[in-house]
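This is what each chain is made of:
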Amino acid sequence: MSDANFPVGARAQSSLLALDARTKKRNAAEARFRAYGIGAIAIGLLFLMVLITSIFAKGMGAFQQTFITLNVELSEAKIDKSGTRDLEAIKKITTFGYNPLIDAALAQALTDAAIDNPFSKGKDLRKMLSSSAAADVRDFVIANPDRIGDTVEFHLLASSRVDGYLKGRVSRESLTRDKNLTPAHLDLVDAFYGAGVVSKGFNLPFITGADASESRPEQAGIGVSMLGSLYMMLVVLACALPVGVAASIYLEEFAPQNWFTDLIEVNIANLAAVPSIVFGILGLSVFIQFAHLPQSAPLVGGLVLTLMTLPTIIISTRASLKSVPPSIREAALGVGASKMQTVFHHVLPLAMPGILTGTIIGLAQALGETAPLLLIGMVGYVASNYPSGLVDGFMSPNSAMPAQIYEWAKRADPAYYERAWGGIIILLLFLMCMNIIAIILRRRFERRW
Amino acid sequence: MSALWLLIIILALAATGFILGRGRAVASVGGDRRKLHSLPNYYGFNVAMLALVPALLVLAVWVVIQPIMINANVSGHIPDALYSDAGQLNLIMSDVNRVADGLGDALRQGVITAEGIHTLDPETSDLRALLGSVGVAIGSDISADILTAARLLRDQSTTGQRAMTFVVLVVASLGFLAAMRMTSGTFRARNTVEYGVKLLLIGAASLAILTTVGIVLSLIFNTISFFGMFPAADFLFGTTWSPEGRGGSEHLGILPLLWGTLYISFVALLVAVPIGLFAAIYLSEYASRTTRAFAKPLLEVLAGIPTIVYGLFALTVVGPLLVNVFGADGLGWMQGARSVMTAGLVMGIMLIPFVSSLSDDIINAVPQAMRDGSYGLGATQSETVRQVVLPAALPGIAGAVLLAASRAIGETMIVVMGAGAAARLDLNPFEAMTTVTAKIVSQLTGDSDFASPEALVAFALGMTLFVLTLGLNILALYIVRKYREQYE
């Protein structure tokens, strides 16, 4: 008998409408697989959301600052005893000499607001203010000696703890281990806040100001290091763009197929993958130890970042040179242009949007890079002075935005963490603008052949 | 004359050369441009190029070489009794340089005359106050030897500057004259200029080689001088890392650092590879066009965020969060916010887009015909992915994972801020550990001078890092090339 006895039992019940167990299993596996994929993307996007919300939640506070408005009487008896308005004599009085004026103004503010003074010593009351307050008053007096004797309204920075209290970072419980401020101060702050003496305002000095010492987070700003980053980016732009474009033109249009070209190609591919900190080591030993360029200078930082971004720029420039169709070159050669004329007059202008896009992306990458800057001494340097000129901007020590952020994070003070996150918001704004410009350039000018 | 002025002068010379050369060429054919071999501008460019480029090269080389030569020469004149090792000599030389700079400033501000510098006597006059008055602060008193050396340095650099001015100007004018002599109607100016431009292009392309050579040399020389002070075997096989050891005993073993590096990278890959790979599969195989256009750029935003942001995220968000769960109040496995887990998790997040976009490209490169064949045999979509697409894309994906690993090993900011500073050989992922990159930063940003083993060890660490990442990259390339399935 050739008719086989198939086990028909299981099959007999199968139907096109009801799925059998195996198909169900396979479909379930299919659904699971798809869910894994969706889950992976969801987790990735969730991380992005968490990152962005924590940046904003922690950083926005840096753009608000607590100020104390005081009417300080610039008493002649205290700061200009001779009454001659002699600037040299006024300058001799240190910030210490201005403290009594501020104490008096604070006491006056208490009386005006009808609040009892819980402290016997002026020093305790003054703890509500930043220790930079006296210096602010002194700077004002030196700038306007004719106002001595008047009563002038000052918006003085509150101390970082008062600021933290109004932002919810400092509470009465957390002050129990704190020597600088007592809960009594906070009661005062509440009363003052009601009276409008203590107020929160937009923190412009944070965006334009200089870094401050470790004990005065309320005074620290990112302005000077922003300039440092700007000078560095100028160096990167001036070095990396011409060299990168020249190198790409050679490799894409002229290089013969030989070992030398291969060597260059391999080197570029490897440099693109070398960790950024190794470029920092290179900068330290070549630019600082060997060539004796000044430490922490934006020039050195810019050179190191140039070497780091060159591979990125070369790779994107080559891609955009490659995308110019050969017919353009052939047409130019056909009407008698030399190879060089073909490239510089026809291929390069057509590839320019792509090259600029790549350069901007390279610059954005360089702007956010921190590790190499640590090694050339940009961290630990307190960037407290604006560069005085163009040469000074390149040659004198400065910080850079990411280095400044790291420096603040290192100080391990909640008030400085807030500054660091605020700095990150500014840094990301810059990066976002650069990327948007790159996208617009690509959309508007890139030609598809 | 300073280098900046020289630069301006030769630029001006080149500009005049352009106008004169162009004029001469046109004049040589009696104003009939058709008789010229090249366009008139090329004759101008030729003169400008020959006047500018050689002089510029001489200037650049001179500016770099002169201080090095003079420094070497002057340090030979410092009495041996003053220093015992290279580090002290460096300190003395930096003093000498500052004194010489200060004397220059004083001369420029009219505080002192040129004769005055030569008759200065450190015994009778207060040099520190003098230099302080022009804004140069000197830490210690200036001895006669340092003053002599500073004078020598000043004299030699003045002579050097003069020689440089002379040589550069001569080279520039020679180039200028030679090019002017060449210029005539039959001279093939365009070919010469294009040849010159091509040399410039080759020079720019060679910068990549120069950078690599610079990296390798700076690592090798410092590593060798480190091994001169510290036994190589102790570095490579030592299991303790304590640079400031008690009683003068130092332990600079790399193994704990390597362990920390690899452990953190492993945790990072554990996060990044599954998420990145599944995201890539979903985006390339399942997602609709709109989902893809929306999710892919958003994921790639993660790659564009600077590492300092991730570092701070690890330090102030992820670390405290983990402590809440695994710390003393929770499971009790974790002591501080900094740990392998903190750094690894955050690094994993950073690497997700890296893995996903690389894998996405590779999966997209698998030809559609293979998928169609699989569907034709009745396979579901996931079976096709698992049994056809992934095996075909496997070498590329392995390469992508290796590249991600190399990224993780070389990452600095996240581990500096999230991983801790204690070098430990431990299995608990909630312990603080440290990595090669974090130690490079801490050894080179401290106060120790560059000649001590504690600072030089950073170069040996850098060398290890360089070799490790380079090896991984080459391996990745090799795997991709060797096992790549060639379709079409």
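Draft legend 1. Inspection of unusual backbone geometry at higher detail. All names here are of chain A. Unlike most non-glycine residues, Ser 296 shows phi in positive territory, near 65°. Looking at the element boundaries, Ser 296 is found in the loop between helix H13 (276–290) and helix H14 (298–322). Unusually for a residue other than glycine, Ala 412 sits at a positive phi of about 50°. Within the element layout of this structure, Ala 412 appears in the loop between helix H19 (401–410) and helix H20 (414–445). When the 10 C-beta atoms within 10 Å are taken as the criterion, Ala 412 is described as exposed.

Draft legend 2. View of the interface of chain A and chain B. The interface is formed by 67 residues belonging to chain A together with 66 residues belonging to chain B. Put simply, the parts of the chain that give the side of chain A that touches chain B at least two residues each are helix H2 (21–59), helix H11 (223–254), helix H12 (259–273), H13, helix H16 (339–368), helix H17 (371–375), H19 and H20 of chain A. A total of 18 residues in the side of chain A that touches chain B trace back to one element, the largest contributor, which is H2 of chain A. Of the residues assigned to the side of chain A that touches chain B, the class counts are 48 nonpolar, 14 polar and five charged.

Draft legend 3. Highlighting helix H12 (residues 340–365) of chain B. The terminal C-alpha atoms of H12 of chain B lie 36 Å apart, and with 26 residues this matches the ideal 38 Å at 1.5 Å per residue to within 8%. A bend of about 35° at Leu 351 of chain B is the largest found in H12 of chain B, and the proline Pro 353 of chain B appears one to four places after it.

Draft legend 4. Here's a closer look at the packing of H14 of chain A against H16 of chain A. Residue and element names in this part refer to chain A. Two elements in contact, H14 and H16, have axes separated by 8 Å at closest approach and are oriented at 150°. The chirality of how H14 crosses H16 is right-handed. Taken together, the residues of H16 that come into contact with H14 (itself represented by Leu 305, Met 308, Thr 309, Thr 312, Ile 313, Ser 316, Thr 317, Ala 319, Ser 320 and Leu 321) are Val 347, Ala 351, Gly 354, Ile 355, Gly 358, Thr 359, Ile 361, Gly 362, Gln 365 and Ala 366. Of the residues contributing to the contact of H14 with H16, the split by class is 10 nonpolar, 10 polar and no charged.

Draft legend 5. Focus on the confidence of the model for chain B. All names here are of chain B. Taken as a whole, chain B shows an average pLDDT of 86; of its residues, 93% reach a score of 70 or greater. Averaged over each element, pLDDT in chain B is lowest for helix H5 (residues 127–133) (70) and highest for helix H9 (residues 255–286) (94). As scored by the predictor, the complex reaches a pTM of 0.86 and an ipTM of 0.88.

Conventions adopted
- Residues numbered from 1 in each chain as written.
- Chains lettered and ligands numbered in written order.
- Predicted model: local features only at pLDDT ≥ 70, side-chain atom pairs only at ≥ 80, totals over all residues.
- Helix = DSSP H or I, 4+ residues; strand = E, 2+ residues; numbered from the N terminus.
- Buried ≥ 20, exposed ≤ 12 C-beta atoms within 10 Å, placed from the backbone.
- Contact = placed C-beta atoms within 7 Å.
- Nonpolar A, V, L, I, M, F, W, Y, C, P; charged D, E, K, R; others polar.
- Expected span 1.5 Å × (residues − 1).
- Bend = angle between axes of the 7 residues up to and from the residue.
- Axes fitted to C-alpha atoms, helices over the stretch in contact; angles between N-to-C directions.
- Left-handed = near helix turned anticlockwise from the far one by under 90°.
- pLDDT = per-residue confidence, 0-100.

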